[in-house]
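Structural overview
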Amino acid sequence: QVQLEESGGGLVQAGGSLRLSCAASGNIFRLNAMGWYRQAPGKQRELVATITTGGSTNYADSVKGRFTISRDNAKNTVYLQMNSLEPEDTAVYYCNANLVSGVTYKYFQLWGQGTLVTVSS
């Protein structure tokens, strides 16, 4: 079945960079908008960035100018380049995908397993 595989999280010092990847696999008829969300300890999950199939992007104010979301439609993969990281960016980052199943041709929204990003001061 369809699944999302995340990678790229880790420990980094403030001011450093990380690149997250999320690849969708399985019987996918159409992969639509994708995005990244994050959940910090003791906080609710929040939107970080989204990107449409055509490449239109949207960012949370807290990451604007520091993070860049992109996608490779041929590989069904979305990326999040994170620069100038701050301790406040510490969270579990979750990939999100909106798609149409190649089996049922029904719309689904899926979440990745999450990848931990820790930024030290």
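Residues numbered from 1 in each chain as written. Predicted model: local features only at pLDDT ≥ 70, side-chain atom pairs only at ≥ 80, totals over all residues. Heavy atoms only, no water.

As for the overall build of the protein
The line we're drawing: Helix and strand assignments come from DSSP, with helices taken as H or I runs of at least 4 residues and strands as E runs of at least 2, each series counted from the N terminus. Radius of gyration here uses only the C-alpha atoms, and the compact-globule reference equals 2.2 Å multiplied by the residue count raised to the power 0.38. Here's how the labels work: a residue is buried when its accessible area is under 20% of the maximum for its type, exposed when over 50%, partly exposed in between, all with a 1.4 Å probe on protein chains only. Residues count as neighbours in contact if any of their non-hydrogen atoms are within 4.5 Å of one another. Accessible surface area values rest on a Shrake-Rupley calculation with a 1.4 Å probe, where residue burial reflects the displayed protein chains alone. Asp and Glu are treated as the negative residues and Lys and Arg as the positive ones, with His and the ends of the chain left uncounted. To locate a charge, the coordinates of NZ of Lys, CZ of Arg, CG of Asp or CD of Glu are taken.
Within the protein, the secondary structure is distributed over 0 helices and 11 strands. Scanning the protein from its N terminus toward the C terminus, one meets helices and strands in the order β-β-β-β-β-β-β-β-β-β-β. Computed over its C-alpha atoms, the radius of gyration of the protein comes to 14 Å, within 12% of the 14 Å expected for a compact globule of 121 residues. For the protein, the spread of C-alpha atoms along the three principal axes comes to 50 × 25 × 25 Å. In the protein, which comprises 121 residues, the share counted as buried stands at 42%. Counting contacts in the protein only where the partners sit at least 6 residues apart, residues at least 24 apart contribute 56% of the total. If you sum the accessible surface of the protein, you get close to 6,500 Å²; carbon and sulfur atoms cover 48% of it. Of the side-chain charges in the protein, 10 are positive and 8 negative, and the distance between the mean point of each set is 8 Å.

A word on the nonpolar core
This is how the line gets drawn: By nonpolar core we mean a set of buried residues, namely Ala, Val, Leu, Ile, Met, Phe, Trp, Tyr and Cys, connected to one another through side-chain atoms within 4.5 Å.
By size, the foremost hydrophobic cluster in this structure holds 30 residues, and its most contacted members are Trp36, Leu80, Met82 and Tyr93. Sorting the residues of this core by element identifies strand S3 (18-25), strand S4 (28-39), strand S5 (46-51), strand S7 (67-72), strand S8 (77-82), strand S9 (91-101) and strand S11 (115-120) as the ones contributing at least two each. Leu80 has contacts with Leu18, Arg19, Leu20, Trp36, Val48, Ala49, Phe67, Thr68, Ile69 and Tyr93, leaving out every residue within four places of it along the chain.

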